[in-house]
Amino acid sequence: QAAQVPMYMPTWPDNRQLQAGLAAQYAFRVDSLTQLTLNARADVSRFSLTSQMGKDQMAVFNHTGAQTHFFVPSFSVQVNSALIGKLRGALSIGINGRTPTASELYGFYLFSQFDGYDYIGNPGLKQERGLLADATLSYQQKAWKAQATGFISMVSNYILGAHAPSFSAMTPGAKGVKQYNNLNHALVGGAEASVVYTPSTKTQLVSTLKYAWGKTSEGDALPMMAPLRNISSIRQYFAKLWLQAELEAAAAQNKVSNAAQERATGSFALYHLRAGYPINSKSMAVQLAAGVENLFDVYYREHLDWGNMARPGRNIYVQLSIGF
């Protein structure tokens, strides 16, 4: 029996990216309470295939191997002002963009563990263009520090992999093939808030809250959007020894992408206990730390975890750090 010739297929055909950018910023005070900041940037990128084998491989997708050029302008205006008392506010609006990556342009059967598909590039992709607005409120005094930020962005030519039934999978066990394409647009938004309360030099409470959402122009949810999430902790100092109790919680995520075949994830609440004892000298800083994570051994999965794998259960650790 004659030996078969080994197959050779570059998953990233030889390619090169040349990029140049120019940025400028101008800030000035409108009055004693308000500052205006202008940011501008322009980037020029050129992608090209550098080998005949790569050009021949991408010819399967009717790509001639010609160079691909992108021009991405960005501009934003931000106003930062004192409002009432120690309350400050910031508002920013602008335009930005993103060029496709080498994988999105030239990738050749790149397997994704996230959804179980082989991905192929699309040399005809357009760059993404975004219109962004965000607002921030912050408050700070001796014992309190709080901040809340919200943003929304309309992204034209949003790049997302779409099922391509005309192609057959290469990776054993893959569900099929997806090719990167431009959507008409996508809408992305989110908010984040944090509070730090220090009632005394020995006690500190910290809490953060995050939420993000996104949908395509067809109304389908965007993939890889984490649900509402909160992390809160209280730390108490006893001379050098400190003890910390921590709560980490996430809501269920049922707004999943049908196109990416995402799986919904349930809510969870985890409790952690931590302790530390620093030993400092003139020559080094030593700290002994220990703790118990996931105290009640909760079975859970983060929404952004690939492969539907569960996170670790109860975990006990001891750590010694030395700094010179």
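Everything below is about the structure shown above.
Residues numbered from 1 in each chain as written. Predicted model: local features only at pLDDT ≥ 70, side-chain atom pairs only at ≥ 80, totals over all residues. Heavy atoms only, no water.

A.B. asks: Residues and numbers for the overall build of the chain, please.
C.D. replies: Regarding its fold elements, the chain presents 2 helices and 17 strands. Its C-alpha radius of gyration of 25 Å places the chain more than 25% over the 20 Å reference for a compact globule of 324 residues. Considered along the principal axes of its C-alpha atoms, the chain spans approximately 75 × 65 × 50 Å. Put simply, the chain has 324 residues, and 34% of those count as buried. Taking contacts inside the chain between residues at least 6 apart in sequence as the whole, the part at least 24 apart equals 59%. As displayed, the chain offers around 19400 Å² of accessible surface, 59% of which is attributable to carbon and sulfur atoms. Positive and negative side-chain charges in the chain, numbering 27 and 19 respectively, have mean positions lying 10 Å apart. (Helix = DSSP H or I, 4+ residues; strand = E, 2+ residues; numbered from the N terminus. Rg over C-alpha atoms; globule rule 2.2 N^0.38 Å. Buried < 20%, exposed > 50% of the residue type's maximum accessible area, 1.4 Å probe, protein only. Contact = heavy atoms within 4.5 Å. Areas by Shrake-Rupley, 256 points an atom, 1.4 Å probe, with all protein chains shown as cover. Lys, Arg positive; Asp, Glu negative; His and termini not counted. Charge placed at Lys NZ, Arg CZ, Asp CG, Glu CD.)

A.B. asks: Could you give me a rundown of the sheet that holds strand E10 (residues 177-182), with the residues and numbers involved?
C.D. replies: One open sheet accounts for 4 strands, arranged E5-E6-E10-E9; its pairing is mixed. Of all strands in the sheet, those bounded by a partner on one side alone are strand E5 (110-112) and strand E9 (159-163). When the angles between neighbouring strand axes are averaged without regard to direction, this sheet yields 40 degrees. Here 3 bridges tie strand E6 (residues 117-120) to E10, and the two strands are oriented parallel to one another. The residue bridging Ile-120 from the neighbouring strand is Gln-179, located in E10. (Pairing = 2+ DSSP bridges. Axes fitted to C-alpha atoms, helices over the stretch in contact; angles between N-to-C directions.)

A.B. asks: Kindly report on the pairing of E6, identifying the contributing residues and their values.
C.D. replies: Across the two faces of E6 the burial is the same, with Tyr-117 and Tyr-119 and Asp-118 and Ile-120 all buried. Relative to E6, E5 runs antiparallel, the two sharing 3 bridges. By the bridge assignment for E6, Leu-110 is matched with Tyr-119.

A.B. asks: Lay out unusual backbone geometry with the relevant residues and their values.
C.D. replies: Even without a glycine there, the phi angle at Asn-294 is positive, about 55 degrees. For Asn-294, the position within the fold is in the loop between strand E16 (285-293) and strand E17 (315-323).

A.B. asks: Break down the environment of Asn-80 for me, citing the residues and quoting the values.
C.D. replies: Checked against the element boundaries, Asn-80 lands in strand E3 (residues 68-82). Spatially, the C-alpha atom of Asn-80 lies 5.3 Å from that of Gln-35, the residues being 45 residues apart in sequence. What Asn-80 contacts, discounting residues up to four positions off in sequence, is Leu-33, Thr-34, Gln-35, Arg-88, Gly-89 and Ala-90. A polar contact of 2.8 Å, which involves the side chain of Asn-80, links it to the side chain of Arg-88. (Polar contact = N/O pair within 3.5 Å; in protein donor to acceptor, adjacent residues only side chain to side chain.)

A.B. asks: Explain the pairing of E10 to me, and be specific about the residues and the numbers.
C.D. replies: Sheet analysis places E9 next to E10, joined by 5 bridges and oriented antiparallel. Along E10, the bridge assignment pairs His-163 with Lys-178.

A.B. asks: Can you lay out the packing of aromatic side chains for me, pointing to particular residues and giving the numbers?
C.D. replies: In this structure the tally under the stated criterion is 7 aromatic pairs. Ring centres 5.4 Å apart and planes at 35 degrees place the aromatic pair Tyr-26 and Phe-28 in the tilted group. Note on Tyr-271 and Phe-296: the rings are 5.7 Å apart at their centroids and 80 degrees apart in plane angle, and the pair reads as edge-to-face. A residue pair is termed long-range when its members are at least 10 positions apart, and Tyr-271 in strand E15 (residues 268-280) and Phe-296 in the loop between E16 and E17 qualify at 25 residues. Given a relative accessible area of 57%, Phe-296 falls into the exposed group. Lys-178 extends its terminal NZ or CZ atom over the ring of Tyr-117, reaching a point 4.6 Å from the ring centre. (Phe/Tyr/Trp six-rings, centres within 6.5 Å; stacked < 30°, edge-to-face > 60°. Lys NZ or Arg CZ within 6 Å of the ring centre and 35° of its normal.)

A.B. asks: Talk me through the nonpolar core; I want residue IDs and the actual numbers.
C.D. replies: In this structure, Met-58, Leu-105 and Tyr-106 are the most contacted members of the largest nonpolar core, which totals 16 residues. At the level of secondary structure, the elements contributing two or more residues to this core comprise strand E2 (34-49), helix H2 (102-106), E6 and E10. Among the elements that line this core, the one with the most residues is E6, at 3 residues. Discounting chain neighbours no more than four positions away, the residues touching Met-58 are Pro-13, Leu-49, His-63, Leu-105, Tyr-106, Phe-108 and Pro-123. Grouped together as the second largest cluster of nonpolar side chains are 8 residues, Val-155, Leu-183, Val-188 and Met-225 included. (Core = buried A, V, L, I, M, F, W, Y, C linked by side-chain atoms within 4.5 Å.)

A.B. asks: Give me a nonpolar patch on the surface: which residues, what numbers.
C.D. replies: Together, Phe-238, Leu-241, Leu-243, Tyr-277, Ile-279, Leu-288, Val-318, Leu-320, Ile-322 and Phe-324 line one region of the surface with nonpolar side chains, adding up to about 1000 Å² of accessible area. Secondary structure elements with two or more residues in the nonpolar patch: strand E14 (241-250), E15 and E17. With 3 residues, the single largest contributor to the nonpolar patch is E17. In this fold, Ile-322 is placed in strand E17. (Patch = residues over 30% accessible without salt bridge, like charges linked within 9 Å, V, L, I, M, F, W, Y side chains within 5 Å. Salt bridge = Lys/Arg side-chain N within 4 Å of Asp/Glu carboxyl O.)

A.B. asks: Lay out the pattern of salt bridges in plain terms, naming residues and giving numbers.
C.D. replies: Oppositely charged side chains may form a pair once their charged atoms are brought near each other. Tallying each qualifying case throughout the model produces 9 salt bridges. With its nearest N and O atoms 3.1 Å apart, the salt bridge here joins Asp-115 to Lys-178. Taken together, the residues span a long stretch of sequence, with Asp-115 in the loop between E5 and E6 and Lys-178 in strand E10 at a distance of 63 residues. An identical accessibility class is assigned to Asp-115 and Lys-178; each is buried. Glu-302 is the salt-bridge partner of Arg-229, the closest N and O atoms lying 2.9 Å from each other.

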